[in-house]
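Each chain is listed here by its residues.
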Amino acid sequence: MKNLFQTLTILSCLLLSTSGIFAQRGIGSNVIDVDYASPKQYEIGGIKATGVRFLDPNSLITITNLRVGDKITVPGDKLSSAIKKLWEQQILGDVKVVVTKVEGDYIFLEFQLKEKPRLSKFKFTGVRKSEADDIRESIRLIRGKVVTDAILANTKSKVEKYYTNKGYRKAEVNVIQRNDSSMVNSVILDIMVDKRERVKIDKIAFLGNNSMSDGKLKRKMKETKERKIYRLFKSSKLLPAAYAEDKQSVIGFYNSKGYRDASITLDTIYDVAENRLRINLEVDEGPEYRFGNITWEGNFLYSDDTLSKILNIKRGESYSKELLDKKLNFNPSGLDITSLYMDKGYLFFNIIPVEVRADSNQIDIEMRMYEGEQATIRNIIINGNTVTSDHVIRRELFTLPGQKFSRTALIRSQQALAGLGYFNNETMGLNPIPDPATGMVDIEYTVEEKPSNQITLSGGWGGIQGVVGTLGLVYTNFSARKILKLKEYSPLPSGDGQRLSIQGQANGRRYQNIALSFTEPWLGGRRPNSLTVSINRSILRQLQGWPTQEQVGAMFITGANVFLGRRLRKPDNYFQLTNAIGINNYKVEGLYPVPIVDGGKVTTATNASFNNLNFKTSLSRNSIDNPQFPRTGSQFSLDVAFTPPYSWLGRDVRNMSDVKDKYKWVEYHKWGLSFATHASLLPNTKKRRLVLKNSANIGLIGNYSKGVGSGPFERYVLGGTGMQGFGITSMLLGQDYIGLRGYQDNSPLLNQLVPFQNQNIPVGGIAYTKFTSELRFLFSDNPMATIYGIGFFEAGNNFHNYHEINPFQMRRSVGTGIRLFMPMFGGLLGFDIAFPLDRTDPRLPKFETHFSIGQ
């Protein structure tokens, strides 16, 4: 009955439309006789379109595909086709064809048309302003556009989809037209929304899962989650696209465990309340398959045993296509077959695993290989470097023309470019372009420049010195050779990879400091041997009397350092060796009192001069993949700093009672060891947002002669953020500030304090240990503002003499924080809240908040 009714309806519509073609059969006394039983052929003598105001009549006539002089049959298919073509444009509300005149065999036609209304404006009802703004971006309704049925349907569909993705699965949307009395042939659209209640997932149930628990399968659904009180950072709404991906993730999990025939045969979604739904998923697991025999064909360079050992898949293991692909093509945790060949230059290497037998749920695989010829690098192509010069990029590459292709060298080149800090690491492209005909390969590197220079503008409390302001500029991609080319200034010449740093600090007459450093990373331009030269000058004045502020004493600090570094080739090219020589002179004049801690007692020195001539050697290794948010790699550093052994060279320091003479030439040797690893905890996800960092730091100061003591210089001060203060002790004594969150800066639990001028000065220790474990989650990888959160456990301690050193005696803390990397404003900004676990004094705070810059 239903089909019969539809058929009758269609036939009725066809008859009505045919009769509507000739709504007017005569004008005046001219009567047009149209015999439907005997169609007659005419030649079109004229055509016109009437009734339109905004549309072009000639264009509409062109759409009909009828022309003056055409032969048509009346009634006939050409007129029906013309009307159909006009309707298909969806811009007309009514279409009629009228025969206005017939002269012999000539017929004159008039298309009487009515335009569809145009949109004057649209309004929302039942939505918040923020939602309306989002919906406008989605529906993109344009004023003046013809309102068609498709536009109405599309608007309703997109609004419904918007609220479905927000969890309002039962939202009702109506799009209503009403005439706009202020404009001719225009309508207003009222988009009326009744969101109803947000619908959340009450329960997800699996049926037929005998080998996998519900919990395991639910964890594989990353976006489709049940409503739980403890689930704070993941919603429980049902998103259609995410739900489809999560179902595929469940099947992928089964496949990875050997159930390659697994499928979801039925999924049912039903309401259990007005705002709750349940999902039932019926699973057909199928049999569990296992790897059988694996054989190799086409291998000449490596034996079957060597390839099987690298593949490392044993007979009887659960069959996994994902595992097989990883071991053949890309194994993030070790060597794979493709890397084995490509590191030897076999770029054209190809391997296809073929299942040759599947019996008793065991699958035998034959590895069919084509080794090909070794590929030689022909050209290096660099694109996207709008600021950085080509030679700066080329000198960092490990893929050189004339060498054999190596995938390891390609990845190492990517890491080297990322380490420069000039480019967006997330968009960096590496594209080998092979030419099998010649056995050559071109390699294309595509980079995207990002802001890397830093401007520092800050203020802080400097203890005795009061408020200290800081203004600094760090230009990380400076060019000294362009310094005479005025057109290259933007604001300074750039592009050659040199580093220029200028920083000033002041609080008026009482304290001024300026520091300047320059680094050439490729001295001579042929090898990665770096040269850094830095100088600094500080003036601290003792003022008295207001308002005259007369100077009664001053301290002048002058220092210079020269660093020479070079990249090593062995044990591997991640190693760096740096040697440095530095000298600092501290000159005290007038009544300026300088605190000197000697043997646990504090004294003052005036009209004195102290000199620190030191040599430094650092052996380091850095293999992290991204300096802003490392996901893999490690960092290692062994540092040694020492002064000449004056006490061995005839200077009898032990018998000097005056500290001005005793420390005129400072002597010590200082050792430091640090190590850090980064590991992605979700290595198979696209952005690898979750990373675990573990680090360890150890430091020790020693002296050359017994009885001399370690002195007050270069000691370790533990606690807080590790940011050096502006106090005179830190400047004069060269103390190292080591952060330990959860404890105060200069914490009495970690540092020996001595009184000086109404404040406690940290003496610092001669040894320290510190261990940190951080769990990091990346929120944004935007190179302009990289943001990630952290949760941490930290432990460390400071030791004031060699007898106290105990690496197991720790002050512990836990906490959480956030990091924001902004290259233009000092680099890394951090905020932490930390809770000390070894707070022995109840008067100390139960938690500490820490703010850090540039660490």
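Residues numbered from 1 in each chain as written. Predicted model: local features only at pLDDT ≥ 70, side-chain atom pairs only at ≥ 80, totals over all residues. Heavy atoms only, no water.

Caption draft 1: Examining the overall build of the protein chain more closely. Each helix and strand counted, the protein chain has 14 helices and 40 strands in total. Relative to its 855 residues, the protein chain shows a buried fraction of 43%. Only carbon and sulfur atoms are counted for the fraction: they give 54% of the accessible area of the protein chain, which is about 44,500 Å². (Helix = DSSP H or I, 4+ residues; strand = E, 2+ residues; numbered from the N terminus. Buried < 20%, exposed > 50% of the residue type's maximum accessible area, 1.4 Å probe, protein only. Areas by Shrake-Rupley, 256 points an atom, 1.4 Å probe, with all protein chains shown as cover.)

Caption draft 2: Focus on helix α8 (residues 304–311). Every buried residue of α8 is listed here: Leu-307, Ile-310 and Leu-311. The buried residues of α8 all sit within an arc of 100 degrees when viewed along its axis, so they share a single face. Looking at α8, the residues exposed on the side facing more than 90 degrees away from the buried face are Asp-305 and Lys-309. (Arc of directions from axis to C-beta.)

Caption draft 3: How the structure looks around the nonpolar core. Formed by 25 residues in total, the largest nonpolar core has its most connected members in Ile-596, Ala-605, Phe-610, Tyr-663, Leu-718 and Leu-750. Contact partners of Leu-750, with chain neighbours within four places excluded, come to Leu-718, Gly-719, Leu-740, Tyr-743, Gly-796, Asn-797, Asn-798, His-800 and Arg-811. Membership of the second largest hydrophobic core comes to 23 residues, among which are Ala-49, Ile-61, Ala-82 and Val-97. (Core = buried A, V, L, I, M, F, W, Y, C linked by side-chain atoms within 4.5 Å. Contact = heavy atoms within 4.5 Å.)

Caption draft 4: Region of interest: the pattern of salt bridges. Applying the stated criterion across every chain, the model contains 37 salt bridges. Here Lys-247 and Asp-267 are joined by a salt bridge, their closest N and O atoms 3.4 Å apart. Here the residue Lys-247 occupies a position in helix α7 (residues 240–256), and Asp-267 occupies one in strand β11 (residues 263–273), the gap between them amounting to 20 residues. As a salt-bridge pair, Arg-378 and Asp-435 come within 3.5 Å of each other at their nearest N and O atoms. Here Arg-378 is found in strand β16 (residues 376–383), whereas its partner Asp-435 is found in strand β17 (residues 429–435), with 57 residues between them in sequence. By relative accessible area, Arg-378 is classed as partly exposed at 31%. Residues participating in the shared-partner salt-bridge network are Arg-741, Lys-770, Glu-774, Arg-776, Glu-794, Arg-819 and Asp-832. (Salt bridge = Lys/Arg side-chain N within 4 Å of Asp/Glu carboxyl O.)

Caption draft 5: Examining the confidence of the model for the protein chain more closely. Counting all residues, the mean pLDDT for the protein chain is 84, and 88% of those residues have values of 70 or more. Scored below 50 in pLDDT, residues 1–31 shows 24 contacts in the model against residues more than four places distant or in partner chains. (pLDDT = per-residue confidence, 0-100.)

Caption draft 6: Up close: the pairing of strand β29 (residues 633–642). Looking at chain direction, strand β28 (residues 609–622) and β29 are connected through eight bridges and run antiparallel. From the neighbouring strand, Ser-620 faces β29, where its bridge partner is Ser-637. Relative to strand β30 (residues 669–680), β29 is paired through ten bridges, and the arrangement is antiparallel. If you follow Phe-636 over to β30, its bridge partner there is Phe-675. (Pairing = 2+ DSSP bridges.)

Caption draft 7: Structural context of the pairing of strand β3 (residues 40–50). The pairing of β3 with strand β4 (residues 71–74) spans four bridges and is antiparallel. In the sheet register, Lys-40 faces β4, and the bridge partner there is Val-74.

Caption draft 8: Local environment of the packing of helix α2 (residues 57–64) against helix α3 (residues 77–88). Contact pair α2 / α3: the axes reach a minimum separation of 8 Å and the direction vectors enclose 125 degrees. Taken together, the axes of α2 and α3 are oblique relative to one another. The chirality of how α2 crosses α3 is right-handed. Residues Leu-60, Ile-63 and Thr-64 of α2 touch α3, and the partners they reach there are Ala-82, Lys-85 and Leu-86. (Axes fitted to C-alpha atoms, helices over the stretch in contact; angles between N-to-C directions. Parallel < 35°, antiparallel > 145°, perpendicular 65-115°, else oblique. Left-handed = near helix turned anticlockwise from the far one by under 90°.)

Caption draft 9: Here's a closer look at the sheet that holds strand β10 (residues 200–207). Pairing is mixed in the open sheet, where three strands are placed in the order β10-β12-β11. The open sheet terminates on both sides in strands that have one partner only, identified here as β10 and β11. Between one strand axis and the next, the sheet turns through 20 degrees on average, direction left out of account. The pairing of β10 with strand β12 (residues 276–284) spans seven bridges and is parallel.

Caption draft 10: Layout of the side chain of Thr-399. One can find Thr-399 in the loop between α11 (390–394) and α12 (407–420). The exposure class of Thr-399 is buried, given its relative accessible area of 2%. For Thr-399, the side chain forms a polar contact with the side chain of Tyr-445, separated by 2.6 Å. (Polar contact = N/O pair within 3.5 Å; in protein donor to acceptor, adjacent residues only side chain to side chain.)

Caption draft 11: Summary view of the packing of aromatic side chains. All told, the structure shown has 18 aromatic pairs when counted by the stated rule. With a centroid separation of 5.8 Å and an interplanar angle of 85 degrees, the aromatic rings of Tyr-254 and Tyr-259 are classed as edge-to-face. Just as Tyr-254 is buried, Tyr-259 falls in that class too. On the basis of an interplanar angle of 80 degrees and a centroid distance of 6.1 Å, the ring pair of Tyr-422 and Phe-423 is categorised as edge-to-face. In this pair, the class of Tyr-422 matches that of Phe-423, namely buried. Members of the aromatic cluster, each reached through a chain of ring pairs, are Tyr-302, Tyr-341, Tyr-346 and Phe-349. Positioned above the aromatic ring of Phe-792 is the side chain of Arg-741, whose terminal nitrogen or guanidinium carbon lies 3.8 Å from the ring centre. (Phe/Tyr/Trp six-rings, centres within 6.5 Å; stacked < 30°, edge-to-face > 60°. Lys NZ or Arg CZ within 6 Å of the ring centre and 35° of its normal.)

Caption draft 12: Expanded view of the packing of helix α4 (residues 129–139) against helix α5 (residues 149–165). At their nearest, the axes of α4 and α5 sit 10 Å apart, and the two run at 135 degrees to each other. Compared by their axis directions, α4 and α5 come out oblique. In this structure, the crossing between α4 and α5 has a hand that is right-handed. Contacts between α4 and α5 involve Glu-131, Asp-134, Ile-135, Ser-138 and Ile-139 from the former and Thr-155, Lys-158, Val-159, Tyr-162 and Tyr-163 from the latter. Counted by class, the contact of α4 with α5 contains five nonpolar, two polar and three charged residues. (Nonpolar A, V, L, I, M, F, W, Y, C, P; charged D, E, K, R; others polar.)

Caption draft 13: Molecular detail of a nonpolar patch on the surface. Together, Phe-777, Phe-779, Ile-818, Phe-831, Phe-851 and Ile-853 make up a nonpolar patch on the protein surface, roughly 550 Å² of accessible area in all. Counting only elements with at least two residues in the nonpolar patch, the list comes to β36 (767–780) and β40 (848–853). You can see Phe-779 is positioned in strand β36. (Patch = residues over 30% accessible without salt bridge, like charges linked within 9 Å, V, L, I, M, F, W, Y side chains within 5 Å.)

Caption draft 14: The sheet that holds β4, seen in detail. Taken in spatial order, the four strands line up as β4-β3-β6-β5 in an open sheet, and their pairing is mixed. Each end of this open sheet is capped by a strand with a single partner; those strands are β4 and β5 (92–103). Direction aside, the axes of adjacent strands within the sheet are offset by 45 degrees on average. Both β3 and strand β6 (residues 106–115) contribute to a ladder of seven bridges, which runs parallel. By the bridge assignment for β6, Ile-47 is matched with Leu-109. Against the sheet, α2 touches β3 and β6, its axis set at about 150 degrees to β3. Each of β4, β5 and β6 is contacted by α3, which is oriented at about 150 degrees to β5, the strand it contacts most.

Caption draft 15: Layout of α7. With 17 residues, α7 extends 25 Å between its outermost C-alpha atoms, agreeing within 8% with the 24 Å of an ideal straight helix rising 1.5 Å per residue. Taken residue by residue, α7 has Ala-242, Tyr-243, Asp-246, Lys-247, Val-250, Ile-251, Phe-253 and Tyr-254 as its buried positions. (Expected span 1.5 Å × (residues − 1).)

Caption draft 16: Highlighting the environment of Ser-813. With respect to the secondary-structure elements, Ser-813 resides in strand β38 (residues 811–822). If near-sequence neighbours (up to four positions away) are discounted, Ser-813 is found in contact with Arg-741, Gly-742, Tyr-743, Phe-792, Phe-793, Glu-794, Phe-835, Pro-836 and Leu-837. There is a polar contact of 2.6 Å between the side chain of Ser-813 and the backbone oxygen of Arg-741.

Caption draft 17: Quick look at unusual backbone geometry. The omega torsion of the bond from Ser-490 to Pro-491 falls at -10 degrees, within 30 degrees of zero and hence cis. Note the cis peptide between Lys-570 and Pro-571, where omega equals 0 degrees. Residue position: Pro-571 is located in the loop between β24 (550–567) and β25 (575–590). With a phi close to 50 degrees, Arg-140 is a non-glycine residue in the positive phi region.

Caption draft 18: Geometry of the side chain of Gln-415. Among the secondary structure elements, Gln-415 is positioned in helix α12. When near neighbours in sequence (up to four residues on either side) are disregarded, Gln-415 contacts Tyr-574 and Ser-623.

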